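Residue-level listing of the chains:
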Amino acid sequence: METADVIILGGGLVGSALAVALDTHGLSSIVVDIADPDVILAAGFDGRASAIASAPYRMLSAIGVVDRLAGHGCPIQGIRVSDGLEPGALDFEPDADDGALGHMFENRLLRGALFAAASAAPGVDLRMKTRAVAVDRGSHGVTATLDSGATISAPLLIAAEGRNSPTRDAAGIRVARWTYDHAAIVTSLYHEHSHENVAFEIFYPQGPFAILPLNDDAQGHRSAIVWSVKRHEAPGMMKLSDRGFLAEAEKKMGGFLGTLGPLGGRSSYPLGFHHAAQIVSDRLALVGDAAHGIHPIAGQGVNVGFRDVATLVEVLVEGKRIGLDLGDPALLARYQRWRSLDTLMVSIATDGLTRLFGIPGKTANAARRFGLSAVQKLPPLKDRFMAEARGESGEVPKLLQGLMV
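As the structure is a prediction and not an experimental result, all values here were calculated from the model.

*Asks:* Tell me about the sheet that holds strand β8 (residues 102-106), residues and numbers included.
*Replies:* An order of β4-β8-β5 is seen for the 3 strands of this open sheet, with the pairing classed as antiparallel. This sheet does not close on itself; its edge strands, each paired only once, are β4 (49-53) and β5 (74-76). The average undirected angle you get between the axes of adjacent strands in this sheet is 30°. As paired strands, β4 and β8 are joined by 5 bridges and run antiparallel to one another. In the sheet register, Ala51 faces β8, and the bridge partner there is Met104. Helix-sheet contacts for helix α3 (residues 54-62) involve β4 and β8, and the interaxial angle to β4 is about 90°.

*Asks:* Can you explain helix α7 (residues 242-253)? Please cite residues and give values.
*Replies:* Given a rise of 1.5 Å per residue, 12 residues ought to cover 16 Å, and the 16 Å separating the end C-alpha atoms of α7 matches this to within 8%. For α7, every residue scored as buried is listed here: Phe245, Leu246, Ala249, Lys252 and Met253. An end-on view of α7 places all buried positions within 115° of arc, on one side of the element. Those residues of α7 that are exposed and angled more than 90 degrees off the buried face are Arg243 and Lys251. Looking at the buried side of α7, the elements it contacts are β14 (175-191), β15 (198-204), β16 (207-217), β17 (220-230), α6 (234-239) and β18 (260-263).

*Asks:* Outline the side chain of Glu106, listing residues and values.
*Replies:* In this structure, Glu106 sits in strand β8. Dropping the residues within four chain positions of it, Glu106 is found in contact with Arg48, Ala49, Leu214 and Arg222.

*Asks:* Provide a residue-level description of the nonpolar core, including the pertinent values.
*Replies:* Core analysis: the biggest nonpolar cluster contains 72 residues, and Ile8, Leu60, Val65, Leu286, Phe306 and Val313 have the highest contact counts within it. Those residues in contact with Leu286 that sit more than four places away from it in its chain are Ala159, Arg168, Ile173, Ala276, Gln278, Ile279, Ala291 and Tyr335. Formed by 20 residues, the second largest nonpolar core is a distinct cluster that contains Ile185, Tyr204, Trp227 and Ala249.

*Asks:* Give a detailed account of the packing of aromatic side chains, specifying residues and quantitative values.
*Replies:* A complete count under the given rule lists 5 aromatic pairs for this structure. Taken together, a centroid distance of 4.3 Å and an interplanar angle of 10° make the contact between Trp178 and Phe273 stacked. In this pair, Trp178 sits in strand β14 while Phe273 sits in strand β19 (residues 267-276), placing the two residues 95 residues apart along the sequence. A ring pair is formed by Phe209 and Trp227, whose centres lie 5.1 Å apart and whose planes are at 75°; its orientation type is edge-to-face. On the criterion of sequence distance, the pair formed by Phe209 in strand β16 and Trp227 in strand β17 is long-range, its members being 18 residues apart. For Trp227, a relative accessible area of 4% translates into the label buried. Among the aromatic side chains, those forming a connected cluster through ring pairs are Phe209, Trp227 and Phe245. Residue placement shows Arg48 over the ring face of Tyr269; its charged tip is 4.5 Å from the ring centre. Just above the ring of Tyr204 sits the side chain of Lys252; from NZ or CZ to the centre is 4.2 Å.

*Asks:* Mind laying out unusual backbone geometry, listing which residues take part and the relevant values?
*Replies:* Keep in mind that most residues, glycine aside, have a negative phi and that most peptide bonds are trans. In this chain, Gly261 is followed by Pro262 through a cis amide linkage whose omega measures 5°. For Arg283, which is not glycine, the phi dihedral falls at a positive 55°. Considering the arrangement of structural elements, one finds Arg283 in the loop between β20 (280-281) and β21 (284-286). Residue Arg283 is classed as buried on the basis of its relative accessible area of 9%.

Reading the values: the criteria
- Residues numbered from 1 in each chain as written.
- Predicted model: local features only at pLDDT ≥ 70, side-chain atom pairs only at ≥ 80, totals over all residues.
- Heavy atoms only, no water.
- Pairing = 2+ DSSP bridges.
- Helix = DSSP H or I, 4+ residues; strand = E, 2+ residues; numbered from the N terminus.
- Axes fitted to C-alpha atoms, helices over the stretch in contact; angles between N-to-C directions.
- Contact = heavy atoms within 4.5 Å.
- Expected span 1.5 Å × (residues − 1).
- Buried < 20%, exposed > 50% of the residue type's maximum accessible area, 1.4 Å probe, protein only.
- Arc of directions from axis to C-beta.
- Core = buried A, V, L, I, M, F, W, Y, C linked by side-chain atoms within 4.5 Å.
- Phe/Tyr/Trp six-rings, centres within 6.5 Å; stacked < 30°, edge-to-face > 60°.
- Lys NZ or Arg CZ within 6 Å of the ring centre and 35° of its normal.

Written out as structure tokens, the structure is:
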């Protein structure tokens, strides 16, 4: 039987980051994932891009992943939030010595860097195209039987399988969930004028329209688009010609980036919310979408998962140093306490924003514009919002500060 400090089920962005972060602190892991690397690392597999906030970016830098992404991340030097194209926008800009608010990475590049880092880490045993067919979480440890016939064991099991986590469901952990009447259309496009490293979040009653800066390339300026539309409209939007889609996008953008096109590949994803009642059980911890899934309205999805990683690593490393069993209920309870309030507050905030900006009518529109203008004039409140967006609110784990535990 092969053993490690932890077994991680799921080797996506969050699971891979967790394995690499544990390895840099001397903890070993066996990562089990059903995906085929040749498929998930292919250029056309995932056309999405992620805004990595400044605190998770520091963590990725500390564990050596940013080095593998050199030259591929576009710094976000400002965020502009508006209710439609009306006056009264809210602008977030960091102080000169604070650094970027975050960095935009295409998911395929981020996934490739994390996979390469995990593959190279001596303490990470990466089992791709493999499934756990039986898992026993006993009083003295966790044992998993894989479809390869191998049996592996560890003191702790970590579920990083995504929003439909079978491990979470098998543990009987209750989940609050609902679906939004929205789907996200995700693509990238070129545009005439520079985005000047500013991200735009434009709210419409039909759903938010986000423009996220990407690095320029030989063809010109480009950005990623996350366009929330009514769910029943998504199939029609996907069937539009490129010319028709760009024309509709230009209406949403008001022309401030000039002529649009060419257009990248399009993907559509249904949007929903879920939040696990607890993120630990006997010798089990949940991270990332296995624990919580939110609307992409504020670009916090993967960042919340990376905050889980930084917290769990700190809890486990400190537990290991004082000789505790890594599945000790006291360690898992600390992880639960540390993460529960933050994830709940982020979940409530994103859900509330989705509903608030979805209210139609001139009165609601005027109230939202007044609120944005009021926040714009209150620097302390703006600073608090920026700290949350950066991942720097509350008790910040060491990795999110760029420090080793």
